[in-house]
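Observations on chain architecture
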Amino acid sequence: MLKLFLIFFFCIISLKLIAQLDSTKSFIYNIDSLKNIYGNKKKLLNEFELQSLIALSYYPELLNEHIRFKYSTINSTARTTVTFISIFKKINKQYVIYINSDILKTGFLLKSVPFNAQVAVIGHELAHVADFKRRSFFDMAWWGLSYLIIKQRTKIELRTDKSAIRHGLGWALYQWADFVLNHSSVNKRYKKIKETKYMQPNEILQYMHTLNLQ
């Protein structure tokens, strides 16, 4: 009886190990697939490679856009810009998404937040890229001037959050907002910005409900 039990136990353990190995292979294969489809003309940060590819998968319109991710000391978790030369172009613009590398600026770094929240942050920045893609030189100049005005900046960021939600990142964005406001070590300055210039968790859920995305 004991012998049969040991054989049965060994079989269960073996099946679990095989399942884990198969899962790992599938995981690696999925990353390679994402790279092949969404990694074209993209320079990703190793630390956020998978998160960036997942976020990019929600923006098929950015398949052939030049996007580079870089670390930088900035006063937010992430920020998106176009290169100076790109401002004058209608097509083939080049975009840079900066990821904050100074914990003193915000109170935490992107690597310390939950995975889905990381996807949401990058997805929000990609919504900016999608917006910049369709703008002419004069539109970009107007956008830049508007962003300097606090009320206009709030409208821009709220509009960008809504764009990310329409692209399918509503639940990820909800987790990001909830984490920052309720579960993080964010500093007071940055928390104030998140409370006043971006969609709040309940607002995200309400907007998702209006779009029948819940």
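Below: a short report on this structure. (Residues numbered from 1 in each chain as written. Predicted model: local features only at pLDDT ≥ 70, side-chain atom pairs only at ≥ 80, totals over all residues. Heavy atoms only, no water.)

As for the overall build of the protein
Note the following rule: The helix and strand labels rest on DSSP assignments: H or I over at least four residues marks a helix, E over at least two residues marks a strand, and numbering proceeds from the N terminus. Exposure categories follow from relative accessible area, calculated using a 1.4 Å probe and restricted to protein chains: below 20% of the type maximum is buried, above 50% is exposed, and the middle band is partly exposed. Any two residues having at least one pair of non-hydrogen atoms within 4.5 Å are treated as being in contact. Accessibility throughout is a Shrake-Rupley quantity obtained with a 1.4 Å probe, and a residue counts as covered only by protein chains that appear here.
A count of helical and extended segments in the protein gives eight helices and four strands. Among the 214 residues that make up the protein, the fraction classed as buried is 40%. Across the protein, every contact between residues at least 6 apart in sequence was considered, and the portion connecting residues at least 24 apart equals 69%. When the accessible surface of the protein is summed, it comes to about 12,700 Å², and 61% of that surface belongs to carbon and sulfur atoms.

Comments concerning a nonpolar patch on the surface
Convention followed: A patch consists of residues exposed above 30% relative accessible area that lack any salt bridge, with like charges linked at up to 9 Å and nonpolar side chains (Val, Leu, Ile, Met, Phe, Trp, Tyr) linked at up to 5 Å. Criterion for a salt bridge: a side-chain nitrogen of Lys or Arg within 4 Å of a carboxyl oxygen of Asp or Glu.
A contiguous nonpolar patch, built from F84, I85, F88, F137 and F138 and spanning about 620 Å² of accessible area, is present on the exposed surface. Tracing the backbone shows F137 in helix α5 (residues 137-147). Given the relative accessible area of 32%, F137 is considered partly exposed.

Side note on the pairing of strand β4 (residues 94-100)
Cut-off, in case you're wondering: Whether two strands pair depends on DSSP finding at least two bridges between them.
Of all seven residues that make up β4, five are buried, and the element is covered over most of its length. Bridging between strand β2 (residues 66-72) and β4 involves seven bridges; their strand directions are parallel. Considered in β4, the bridge of I67 is made with Y95. The pairing of strand β3 (residues 78-82) with β4 spans five bridges and is classified as antiparallel. Bridge assignment links T80 to a residue of β4, and that residue is I97.

Focus: the sheet that holds β4
Strand order in the open sheet formed by four strands is β1-β2-β4-β3, with mixed pairing between adjacent strands. For this open sheet the edge positions go to β1 (42-43) and β3, each flanked by a neighbour on one side alone.

Examining the pattern of salt bridges
Under the criterion given, the structure shown has four salt bridges. A salt bridge links K35 to E49, with the nearest nitrogen and oxygen atoms 3.2 Å apart. In this pair, K35 sits in helix α1 (residues 2-38) while E49 sits in helix α2 (residues 49-56), placing the two residues 14 residues apart along the sequence. Judged by its relative accessible area of 36%, K35 is partly exposed. Overall, E49 belongs to the partly exposed group, its relative accessible area being 23%. The partner of D131 in a salt bridge is R134, and the shortest N-O contact between them spans 2.9 Å. Classification of R134 as exposed rests on a relative accessible area of 61%. Via salt bridges that share partners, D131, R134 and R135 belong to a single interconnected network.

Details of helix α8 (residues 201-210)
Put simply, the test is: Think of the arc as the fan of directions from the helix axis to the C-beta atoms.
Where α8 is concerned, the buried positions are P201, I204, Y207 and M208. Taken around the axis of α8, the buried residues stretch over an arc of 125°, which confines them to a single face. Projecting away from the buried face of α8 at angles above 90 degrees are the exposed residues Q206, H209 and T210. At its buried positions, α8 is contacted by α6 (150-182). Of the residues flanking the end of α8, it is N212, one or two places downstream, whose phi is positive at about 60°.

Let's talk about the packing of helix α4 (residues 115-133) against α6
Counted only if it meets this: Interaxial angle, 0 to 180 degrees, is taken between N-to-C directions of lines fitted to C-alpha atoms, where a helix line uses only the stretch in contact. When an angle is under 35 degrees it counts as roughly parallel; over 145 it counts as roughly antiparallel; between 65 and 115 it counts as roughly perpendicular; any other value is oblique. Handedness of a crossing follows from how the near helix is turned relative to the far one, being left-handed for an anticlockwise turn of less than a right angle and right-handed for a clockwise one. For this classification, Asp, Glu, Lys and Arg are treated as charged, while Ala, Val, Leu, Ile, Met, Phe, Trp, Tyr, Cys and Pro are nonpolar and the rest, including Gly, are polar.
Between α4 and α6, the shortest axis-to-axis distance is 8 Å and the interhelical angle comes to 155°. Classified by the angle between their axes, α4 and α6 sit roughly antiparallel to one another. The hand of the α4/α6 crossing is right-handed. Across the interface between the two elements, N116, A117, V119, A120, V121, G123, H124, A127 and H128 of α4 pack against I156, E157, T160, D161, S163, A164, L169, A172, L173, Q175 and W176 of α6. Across the contact of α4 with α6, the residue classes tally to eleven nonpolar, seven polar and two charged.

Looking at the environment of Y147
Mapped onto the secondary structure, Y147 falls in helix α5. For Y147, a relative accessible area of 23% gives the class partly exposed. Distance in space between the C-alpha atoms of Y147 and E157 is 9.3 Å, their sequence separation being ten residues. Non-local contacts of Y147, meaning those with residues more than four positions away in its chain, are made with R153, I156 and E157.

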